[in-house]
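Examining the three-dimensional arrangement
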Amino acid sequence: MPQGGITSDTLAPGLYLVATPIGNLRDITLRALDVLGVADLVLAEDTRMSRRLFDAHGLRPKCTAYHEHNADKRREGVLRSLEEGARIALVSDAGTPLISDPGYKLVREAAGRGIDIFAIPGPSATLAALTVSGLPTDRFFFAGFLPPKSVARKRALEGLKTIPASLVFYESPTRIEASLTDMTAVFGPRPAALARELTKRFETIYRAPLDQLGTLIPDNERRGEMVVIVGPPDKDAHWDAEQVDRALTEALTHQSLKSAVDEITGLCGLARRDVYRRALDLQKPS
Ligand code: SAM
């Protein structure tokens, strides 16, 4: 890959995964503009949305739709063009393609056929949110979107609970309240942050323990795009009696006594026998 500006003559055949802005249209790299300017074809999740970006930068690429509803039908044709030497760029509506966006199967199959694949890196809401969150960045786990229904969501959260890393979630404004409630029930009051509308006019970052995060966000700001970051479990923290009771009560609604005690012991920093005794007390009829 040449280090100077790319021209139609110098762009090598292959599939280009081009990151695009997550809001501010100027957050695009020079290399991304070069590739989009000379690619033979741009595959866009939503062509109308991508045209706004192209117009803002004076680009007029040949562009066609490639999204979750037509990808299975279109993939073979795209792969054949690539095998014939085409230079094809893939963009999503925002951020880095394949990150909670289409493209994984295309890349897998292109790689399997020996087609060259190039990353044109740039914005992603994950790293933007993580870096402003004020939470540990040395290890993080990208959890993407949670299931929409509470039972499945809590189950997914249970599976993430003991990961010793910050957790990154994408969430929609319609589900944010329910998700924060479930996260608090499963994770307890871990430090957390919510980053909304990053790089846009109404960009706001909230930082608070999970159980308080929801109350900080005014009703008129429960809209737009948002990422939730949850800090890692604190191995040295000792929960107070009220936190232990709340977590145990919740865990006992869907787990056996033994697994509820194991789980809360792993989180609360107290001895297992104390948690066990408390769980027995809570199970006694009042
Ligand atoms: N591929 C994208 C990326 O690299 O970040 C993510 C696409 S995913 C379909 C869309 C989700 O990303 C949104 O629901 C939101 O959680 C997050 N997101 C995208 N843009 C954002 C922004 N400007 N501010 C906060 N979150 C954003």
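The structure contained in this document is the topic of the report that follows. Counting restarts for each chain: residues are numbered from 1 in the order of the written sequence. Per-residue local features of the predicted model are confined to residues with pLDDT of at least 70, and side-chain atom pairs are confined, for both listing and counting, to 80 or more; whole-chain, interface and lining totals are unaffected and use all residues. Only hydrogens and water are set aside when side-chain values are computed; all heavy atoms of the structure are taken into account.

The next point concerns the environment of Pro-102. Positionally, Pro-102 belongs in the loop between strand E4 (87–91) and helix H4 (104–112). For the pair formed by Pro-102 and Ala-44, sequence separation is 58 residues and the distance between their alpha carbons is 9.6 Å. Any two residues having at least one pair of non-hydrogen atoms within 4.5 Å are treated as being in contact. With sequence-adjacent residues up to four places away left out, Pro-102 is seen in contact with Glu-45, Tyr-66, His-67, Glu-68, Leu-90 and Pro-97. Every helix listed is a DSSP run of H or I at least four residues long, and every strand listed is a run of E at least two residues long, numbered separately from the N terminus.

Pairing between strands requires that DSSP locate at least two bridges from one strand to the other. Taken together, 5 strands build an open sheet; the order of strands is E6-E7-E10-E8-E9 and the sheet is mixed. Two strands close off the open sheet at either side, each with one partner strand: strand E6 (140–145) and strand E9 (204–209). Recorded for the sheet is a direction-independent mean angle of 15 degrees between the axes of neighbouring strands. Note that strand E8 (residues 191–196) and E9 share 6 bridges and pair antiparallel. Paired with Ala-193 across the bridge in E9 is Arg-207. Working convention: axes come from line fits to C-alpha atoms, limited for helices to the stretch in contact. Angles between N-to-C directions cover 0 to 180 degrees. Along the sheet face, helix H5 (residues 125–132) touches E6, strand E7 (166–171), E8, E9 and strand E10 (226–230) and points at about 125 degrees away from the line of E7.

Let's shift gears to the site of the ligand. One heavy atom within 4 Å of a molecule or strand is enough for the residue carrying it to be called near that molecule or strand. The immediate surroundings of the ligand are formed by 19 residues, with Ile-22, Asp-101, Ala-125, Tyr-170 and Met-226 found nearest. Taking Leu-198, its main chain carries an N or O atom lying 2.9 Å from a nitrogen atom of the ligand. Within the side chain of Glu-225, an N or O atom sits 3.4 Å from a nitrogen atom of the ligand. To measure how exposed things are, a 1.4 Å probe is used in the Shrake-Rupley method; for residues, cover is taken only from the protein chains shown. Bound to the protein, the ligand loses 91% of the 580 Å² it would expose on its own. With respect to the pocket detection grid, the ligand is positioned in the largest pocket. Sorting the residues of the shell around the ligand by element identifies E7 and E10 as the ones contributing at least two each. As a working rule, the residues Ala, Val, Leu, Ile, Met, Phe, Trp, Tyr, Cys and Pro are called nonpolar, Asp, Glu, Lys and Arg charged, and the rest polar, with Gly in that last group. Residue composition of the shell around the ligand, by class: 10 nonpolar, 4 polar and 5 charged. Two N or O atoms form a polar contact when they lie within 3.5 Å of each other; inside protein one atom must be a possible hydrogen donor and the other a possible acceptor, and for residues adjacent in sequence the pair counts only when both atoms belong to side chains. Grid spacing is 1 Å over the protein atoms alone, the probe is 1.4 Å, and a cavity is where that probe fits but cannot get out, while a pocket is an open set with protein on both sides within 12 Å along at least five of seven lines and lining residues have an atom within 4 Å of a point. By definition, a pocket or cavity contains a molecule when more than half of the molecule's atoms lie within 2 Å of the pocket's grid points.

For the rest of this paragraph, the subject is the sheet that holds strand E3 (residues 63–65). Across the sheet, 5 strands lie side by side as E3-E2-E4-E1-E5; this open sheet has parallel pairing. The open sheet has two edge strands, E3 and strand E5 (117–120), and neither has a second partner. Neighbour-to-neighbour, the strand axes of this sheet turn through a mean angle of 25 degrees, independent of strand direction. Pairing of strand E2 (residues 41–44) with E4 involves 4 bridges; the strand directions are parallel. For Leu-41, the partnering residue across the bridge sits in E4 and is Ile-88. The strands that helix H2 (residues 47–56) touches are E2, E3 and E4; relative to E3, the one it contacts most, it runs at about 150 degrees. Packed onto the sheet, helix H3 (residues 71–83) meets strand E1 (14–18), E2, E3 and E4 and runs at close to 140 degrees relative to E4.

For the rest of this paragraph, the subject is the layout of surface pockets. Grid points are joined across faces, edges and corners, and a volume is the space filled by probe spheres set on the points. There is about 490 Å³ of room inside the largest pocket. Forming the walls of the largest pocket are 26 residues, and the residues nearest its centre are Ala-94, Ala-125, Phe-145, Tyr-170 and Glu-225. Taken together, the residues of the lining of the largest pocket sort by class into 12 nonpolar, 6 polar and 8 charged. Estimated volume of the second largest pocket: approximately 230 Å³. Lining of the second largest pocket is provided by 15 residues; of these, Pro-21, Gly-23, Leu-25, Met-49 and Asp-93 occupy positions nearest its centre. Take the lining of the second largest pocket: its biggest share by element is 4 residues, from H2. Here the lining of the second largest pocket is built from residues that sort into 7 nonpolar, 4 polar and 4 charged.

The buried count for E7 comes to 6 of 6 residues, which makes it a mostly enclosed element. The side-chain alternation of E7 yields two buried faces, one formed by Ser-166, Val-168 and Tyr-170 and the other by Leu-167, Phe-169 and Glu-171. Sheet topology places E6 next to E7; 5 bridges connect them, and they run parallel. Paired with Gly-144 across the bridge in E7 is Phe-169. Note on classification: 1.4 Å probe, protein chains only; a residue is buried when its accessible area is under 20% of the maximum for its type, exposed when over 50%, partly exposed between these limits.

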